[in-house]
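Analysis of the macromolecular model
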Number of protein chains: 2
Amino acid sequence: MTAGTAATDTRSRLLDTALKLFSEHGVEGTSLQMIADELGVTKAAVYYHFKTKDEITEAVAAPGVQELDQIIEEARALRSRGAQIDHALSGFVELIVRQRSLLSLYNSDPGIQRVINRAFRTPRGEDVKTRMKAVLAGENPSLADAIAVHVVFTGLAMVGGAPEYAGIDDDTLREHLLEAGRRLLGRPRRKRPDNHLPGR
Amino acid sequence: MTAGTAATDTRSRLLDTALKLFSEHGVEGTSLQMIADELGVTKAAVYYHFKTKDEITEAVAAPGVQELDQIIEEARALRSRGAQIDHALSGFVELIVRQRSLLSLYNSDPGIQRVINRAFRTPRGEDVKTRMKAVLAGENPSLADAIAVHVVFTGLAMVGGAPEYAGIDDDTLREHLLEAGRRLLGRPRRKRPDNHLPGR
C-alpha cells in the first residue's frame, strides 16, 4: 500500500475522533462541531469529507462490516465444513478483538446500532449477520445448531464490548473467545500455538 | 394464593398493557394516556397505581429481577458445584422462556435497558447480573470461565428476545437454550426427561 495522502489521513483521523467522541457522549450527544473542535479543524474541513453525522457514523461502522463480509466469502470458499467454521470463527473473533471500542458503543448506543444494522444489509442480498450465522451453522441447520450459533455470535460480540473486559490484552481475549466459541460449536480444542503465558 | 382483588387485577392488567405498548411503540413513545386508553380506563385510574411512566417501567421489570435473585439464593444453598450450576442455569432459562416479550424489549429499547439495569442493583449489594455470573462461574473463576459464563448469560438472553425465535414453542426453546448453556459451561448432556419430539 502507498502512504496515505493528507486528505485520507484527515479522513481517518476524523473517524477515530468521531468514534472516541461517540463513546464518550453517545452518537446523539456528539455534533459535527465537537468533532471539528476535537480535531482542531474548522467545521468546513469536516464537511469536506462528510455532509452529515449519519455519513460519519456509517463510515465508522463500514470497515468492520466489510471485513466480516470478506471473512464469510473466504470461509465459503473452503472445502470442509470444519475449515469453514474455523475460518469464520477465528476471523470473527479477530474482528471483535480489534473493534472493541465500536462494539462497546454498539452494545450501549441505539444510534450506532441503527447505523450498523443498516450497514449489515449489503448488496449481496441477505445481511452479513445472517450470512455469518449460515456459515457457522451450515445449510439447513437444526434448530439446536441455529440457536447455538446465535448464542456464539451475540455472546462473543457482547463480551468484546463489555466494560469489565476492556483491560484484558488482545491475545488473552482472543484465546478465550475462540475457546468459548469452539466449545459451543462442538469444535475440538486447539493446540496452543506457542508457549505464551495467558495474560501476556 | 387467594384470588386477586379488583385493584390488584387492574394493576396486573395495567402492567401487561404497558409491556404490550412498550413493545409496539418503545418506552419513549408510550404515554400514560395511551396506557389508559388501551385499558379503557381514565388517566386518573392509572395514576391511582403509578405516578410516572418510570414507576410503570420498573414494575414491569421487577418480577423478573426478583425471580432471578431468588434463583441465585436457591442455587447458593445447594452443596455441590454441579447442582448449583444446574439450578442457576435451568432457573435462568425458565425465566428467559417466560419473559420473552420483556427480553425482546430489553434487547432493542434503551429506555427499558436503563430501568432493568437499575432494578438489577438490589439491596444485597452486588447487582443480580454479577451474582448470577458468580454462581455459574464459581468463586475466583479463571478468566476463561468468567468469559464463558458471560457468553452464556448474554447469549441465551439475546436468543430469548430475538424476533427469529419468537414463533418457537416454550418447550423447544427451553430445551435448546439449556443444551447450549450446558455445553458452554462444560456440564454433561442431560437425559431427555420424556419422549416429546422436538418442536412439539
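Residues numbered from 1 in each chain as written. Chains lettered and ligands numbered in written order. Predicted model: local features only at pLDDT ≥ 70, side-chain atom pairs only at ≥ 80, totals over all residues. Heavy atoms only, no water.

Moving on: the overall build of chain A. When you go through chain A residue by residue, the secondary structure sums to 10 helices and 0 strands. Projected onto the principal axes, the alpha-carbon positions of chain A cover approximately 55 × 40 × 35 Å. When each of the 200 residues of chain A is scored for burial, the buried share is 46%. Long-range contacts, defined here as pairs at least 24 residues apart, represent 65% of the contacts in chain A between residues at least 6 apart. Carbon together with sulfur atoms contributes 52% to the accessible area of chain A, which is approximately 10,500 Å² in total. (Helix = DSSP H or I, 4+ residues; strand = E, 2+ residues; numbered from the N terminus. Buried < 20%, exposed > 50% of the residue type's maximum accessible area, 1.4 Å probe, protein only. Contact = heavy atoms within 4.5 Å. Areas by Shrake-Rupley, 256 points an atom, 1.4 Å probe, with all protein chains shown as cover.)

Once that is clear, we can look at the nonpolar core. Counting residues in each nonpolar core, the largest one holds 120 residues, and the members touching the most others are Ile56 and Leu156 of chain A together with Ile56 and Leu156 of chain B. The residues contacting isoleucine 56 of chain B, other than those within four sequence positions of it, are Leu14, Leu15, Ala18, Phe22, Leu32, Ile35, Val46 and Phe50 of chain B. (Core = buried A, V, L, I, M, F, W, Y, C linked by side-chain atoms within 4.5 Å.)

To continue, consider helix 5 (residues 81–98) of chain B. Residue and element names in this part refer to chain B. Between its first and last C-alpha atoms helix 5 spans 26 Å; for 18 residues at 1.5 Å apiece the expected length is 26 Å, and the two agree. Residues of helix 5 that are buried: Gly82, Gln84, Ile85, Ala88, Leu89, Gly91, Phe92, Val93, Leu95, Ile96 and Val97. For helix 5, the secondary structure elements touched by its buried residues are helix 4 (53–76), helix 6 (100–108), helix 8 (128–137), helix 9 (143–160) and helix 10 (170–184). (Expected span 1.5 Å × (residues − 1).)

The next point concerns the side chain of arginine 131 of chain B. All names here are of chain B. Within the secondary structure, arginine 131 sits in helix 8. In this structure arginine 131 comes out as buried when scored by relative accessible area, which is 6%. Here glutamate 73 takes part through its side chain, which lies 2.5 Å from a polar atom of the side chain of arginine 131. (Polar contact = N/O pair within 3.5 Å; in protein donor to acceptor, adjacent residues only side chain to side chain.)

Turning next to the packing of aromatic side chains. Residues and elements named next belong to chain A. One pass over the structure, following the stated rule, counts 2 aromatic pairs over all chains. Plain terms: the ring middles of phenylalanine 92 and phenylalanine 153 are 4.7 Å apart, the flat faces sit at 5° to each other, and that makes the pair stacked. Here phenylalanine 92, found in helix 5 (residues 81–98), pairs with phenylalanine 153, found in helix 9 (residues 143–160); they are 61 residues apart in sequence, far enough to count as distant. Note on accessibility: phenylalanine 92 and phenylalanine 153 belong to one class, buried. (Phe/Tyr/Trp six-rings, centres within 6.5 Å; stacked < 30°, edge-to-face > 60°.)

What follows deals with the packing of helix 5 of chain B against helix 9 of chain B. Residue and element names in this part refer to chain B. At a closest axis distance of 9 Å, the pairing of helix 5 and helix 9 adopts a crossing angle of 25°. Classified by the interaxial angle, the pair formed by helix 5 and helix 9 is roughly parallel. Once helix 5 is placed against helix 9, the crossing between them reads as right-handed. When helix 5 is examined against helix 9, the residues Leu89, Phe92, Val93 and Ile96 are found in contact with a partner set consisting of Val152, Phe153, Leu156, Ala157 and Gly160. The class makeup of the residues in the contact of helix 5 with helix 9 is 8 nonpolar, 1 polar and no charged. (Axes fitted to C-alpha atoms, helices over the stretch in contact; angles between N-to-C directions. Parallel < 35°, antiparallel > 145°, perpendicular 65-115°, else oblique. Left-handed = near helix turned anticlockwise from the far one by under 90°. Nonpolar A, V, L, I, M, F, W, Y, C, P; charged D, E, K, R; others polar.)

Moving on: the UniProt feature "DNA-binding region" (unreviewed entry) in chain A. Following the UniProt record, one finds the feature "DNA-binding region" (unreviewed entry) at residues 31–50 of chain A. Taken end to end, residues 31–50 of chain A comprises 75% helix and 0% strand; its first and last C-alpha atoms sit 12 Å apart. (UniProt positions renumbered as here; feature names shortened; annotations may be inferred.)

Turning our attention to the UniProt feature "domain: HTH tetR-type" (unreviewed entry) in chain A. The residues that UniProt annotates with the feature "domain: HTH tetR-type" (unreviewed entry) are residues 8–68 of chain A. Secondary structure content for residues 8–68 of chain A is 80% helix and 0% strand, and the end C-alpha separation is 23 Å.

Relative to the assigned elements, glycine 138 of chain B resides in the loop between helix 8 and helix 9. Measuring from C-alpha to C-alpha, the distance between glycine 138 of chain B and isoleucine 85 of chain B comes to 8.7 Å, with 53 residues separating the pair along the chain.

What the rule picks out here adds up to 1 cavity of 30 Å³ or more. Its boundaries defined by the atoms lining it, the largest cavity holds a volume of some 30 Å³. Along the walls of the largest cavity sit Ser108, Pro110 and Gln113 of chain A together with Ser108, Asp109, Pro110 and Gln113 of chain B, which together make up its complete lining. Breaking the lining of the largest cavity down by element, the ones donating at least two residues are helix 7 (110–120) of chain A together with helix 7 (110–120) of chain B. Residue composition of the lining of the largest cavity, grouped by class: 2 nonpolar, 4 polar and 1 charged. (1 Å grid on protein atoms, 1.4 Å probe; cavity = no way out; pocket = protein on both sides within 12 Å on 5 of 7 lines; lining within 4 Å. Points joined across faces, edges and corners; volume = space filled by probe spheres on them.)

For the rest of this paragraph, the subject is the relation of the copies chain A and chain B. Rotating chain A by 180° about the axis while translating it 0.0 Å along that axis superimposes it on chain B, leaving an RMSD of 0.0 Å. What the rotation and shift describe, once combined, is the action of a two-fold rotation axis. When each C-alpha of chain A is compared by its distance to the rotation axis, glycine 155 of chain A comes out closest, at 2.1 Å. Of the residues that chain A buries at the interface, 100% are likewise interface residues in chain B, meaning the two copies contact each other through the same surface. (Least-squares fit on C-alpha atoms with pLDDT ≥ 70 in both.)

Taking 1.5 Å as the rise per residue, helix 10 (residues 170–184) of chain A with 15 residues should run 21 Å; its terminal C-alpha atoms sit 21 Å apart, in good agreement. Within helix 10 of chain A, burial applies to Thr172, Leu173, His176, Leu177, Leu178, Glu179, Ala180, Gly181, Arg182 and Leu184 of chain A. Against helix 5, helix 6 (100–108) and helix 9 of chain A together with helix 9 and helix 10 of chain B lie the buried residues of helix 10 of chain A. Between a side-chain oxygen at the N-terminus of helix 10 of chain A and the backbone nitrogen of aspartate 171 of chain A the separation is 3.2 Å; the capping residue is aspartate 169 of chain A.

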